[in-house]
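Structural characterization, general
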Amino acid sequence: MQKLAATYGLSDRGLAKTCTRHLIPVPPRGYWAKLDAGQPVKKTKLRPVENKALHSVYIGSSTVYRSQGVKLALEAHREKTKSPEPQPRSEPVVLEPGAEPHRFVKSLVKGLRKAKPDADGLISACGVAVHHRSLDRAITALHNLAIAAEAAGAAVKSSDERVFFVDDIGSAAIELVEERRRPKHVPTEQELANFAKLKAKRDRDRERDIWSFDRLETWPEFDIVYTGKLKLGFTGWVRGLRQSWSDGKTQTVESMASEIVVGLRLIIAANAEDERIRQENELRRQALHEQSVRRKKRQEREVKRTEFFEVIERDQRQLAGWRATLKALPVGDQMPQEYASMIKWAEEQVAALETSLTVESIQNALVEKDLFPSPDHLADHSADVGVNGRA
């Protein structure tokens, strides 16, 4: 029952309640132990149910959203805990810390024992907030959580403000608090007598035209009542997984230490998977952005390449035309001064065009304008970028 409940993010008690509501029999206490010992056990058959509303069982909300990280963490947990044979459920053992609590929480317990309660009797330190009457239970819960964590290869650590559950892939901030109620305050006879005196005085003042509007009730509107019910929970956020464990009718926080460790490790694993997926998606977005930038720069460079080559083409046409024109023009020893100057100028222009169209000149211009670099920093690497943005 416990293993099946964990796959749905429930406690075994929560799953049992769901089965009871739908008239589904569940194995009685000791069922799996007897079966494991080879003793005969009685299997209760499903009874006919006329109410069609009970024919389908919905665990949790039908619209519960689970991130990809939560799904992967749950799948890995199911594979890890999958067993061909049903395992007998062992009754939880609560160990008392005595004078020497577990080393993981020793300093935290020392701080709690030294802390002074406030006016309402609340002791608050390092993510633990309980009434002074429940302090011993809170210490026992932390002690058993530390033992279960160490058995699972994890640890419990504390700072000045928080308590952390830590395993090999991450950590989760947790808190241990005592639930409280705020019932409306019922004034005592003394408080009512004081109220009557204050009201009489104000009435006398008003007869003398002295007005005041202060609150006459000297008692608080609500009382704070600590219920003794402890709750240990994850202080962060994760959707689709159980995040808190509270005292129930048959279970206490300290008796659920092993279950809490499993739940906290699932939360850490889910958050780690979500972070991994987020980083991969971010790398992919960056790669796509870089591809877009390179694509735009390649398009701009293609325009410049075309313009550069068109200039060479224009210069080639101009050079060929000027050569033909100079060859066709008559020249001699006795030319007019202005005519001779034109011929000389044209020859200089042809020489300049010839120089600009040499391999060396074109190569220098290409290097200066960075039109055909090697290696090409604007090459298209889109084929090298995978689904997760990995090159």
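Our subject in this report is the structure included herewith.

Reading the values: the criteria
- Residues numbered from 1 in each chain as written.
- Predicted model: local features only at pLDDT ≥ 70, side-chain atom pairs only at ≥ 80, totals over all residues.
- Heavy atoms only, no water.
- Helix = DSSP H or I, 4+ residues; strand = E, 2+ residues; numbered from the N terminus.
- Rg over C-alpha atoms; globule rule 2.2 N^0.38 Å.
- Buried < 20%, exposed > 50% of the residue type's maximum accessible area, 1.4 Å probe, protein only.
- Contact = heavy atoms within 4.5 Å.
- Lys, Arg positive; Asp, Glu negative; His and termini not counted.
- Charge placed at Lys NZ, Arg CZ, Asp CG, Glu CD.
- Core = buried A, V, L, I, M, F, W, Y, C linked by side-chain atoms within 4.5 Å.
- Salt bridge = Lys/Arg side-chain N within 4 Å of Asp/Glu carboxyl O.
- Pairing = 2+ DSSP bridges.

1. Remarks on the overall build of the protein chain
Looking only at helices and strands, the protein chain features ten helices and seven strands. Over its C-alpha trace the protein chain gives a radius of gyration of 42 Å, far above what one expects of a compact globule, namely 21 Å for 391 residues. With respect to the three principal axes, the spread of C-alpha positions in the protein chain is 135 × 90 × 55 Å. Here the protein chain, with 391 residues, has 29% of them falling under the buried criterion. Considering only residue pairs separated by 6 or more positions, the protein chain has 69% of its internal contacts joining residues 24 or more positions apart. Between the averaged position of the 64 positive side-chain charges in the protein chain and that of its 56 negative side-chain charges there is a distance of 10 Å.

2. Considerations on the nonpolar core
Grouped together as the largest cluster of nonpolar side chains are 47 residues, with contacts concentrated most on L112, V156, F165, L176, L241, I260 and L264. Grouped together as the second largest cluster of nonpolar side chains are 13 residues, L326, I362, A365 and L371 included.

3. Concerning the environment of V41
Looking at the element boundaries, V41 is found in the loop between α3 (31–36) and α4 (68–81). Separated by 178 residues in the primary sequence, V41 and W219 have C-alpha atoms spaced 61 Å apart. Among residues more than four places away in sequence, those in contact with V41 are Y31, K34 and L35.

4. Describing the pattern of salt bridges
A side chain with one charge may pair with a side chain of the opposite charge, provided their charged atoms come close. On inspection of all chains with the given rule, the structure shows 21 salt bridges. Here R285 ties to E282 by a salt bridge, and the two come within 2.9 Å at their closest N and O atoms. Of the two residues, R285 and E282 both sit in helix α8 (residues 257–328), three residues apart, roughly one turn of that helix. For R285, a relative accessible area of 48% corresponds to the partly exposed category.

5. Examining the environment of A125
Mapped onto the secondary structure, A125 falls in strand β1 (residues 122–125). With a relative accessible area of 18%, A125 lands in the buried category. Measuring from C-alpha to C-alpha, the distance between A125 and A115 comes to 7.3 Å, with ten residues separating the pair along the chain. Apart from the residues lying within four places of it in its own chain, the contact partners of A125 are L108 and L112.

6. Brief notes about the pairing of strand β5 (residues 170–181)
Within a regular strand, the side chains alternate between the two sheet faces. Sheet analysis places strand β2 (residues 128–131) next to β5, joined by two bridges and oriented parallel. For A129, the partnering residue across the bridge sits in β5 and is V177. Looking at chain direction, strand β4 (residues 163–167) and β5 are connected through five bridges and run antiparallel. Within β5, the position partnered with D167 by the bridge is G170. Looking at chain direction, β5 and strand β6 (residues 225–234) are connected through seven bridges and run antiparallel. Note on β6: the bridge partner recorded for V177 is K231.

7. A word on the pairing of β6
Alignment of β6 against strand β7 (residues 244–246), held across three bridges, turns out to be antiparallel. Among the inter-strand pairings, G233 is bridged to a residue of β7, identified as S244.

8. Details of unusual backbone geometry
Glycine aside, residues mostly have negative phi angles, and peptide bonds mostly take the trans form. In this model, S374 is joined to P375 through a cis peptide bond whose omega is 0°. Structurally, P375 can be placed in the segment after α10 (359–369). Phi at L23 takes a positive value of approximately 60°, unusual for a residue other than glycine. Relative to the helices and strands, L23 is located in the loop between α2 (12–21) and α3. Here L23 falls in the partly exposed class, since its relative accessible area comes to 32%. One non-glycine residue, D209, lies in positive phi territory at about 65°. Note that D209 resides in the loop between α7 (189–207) and β6.

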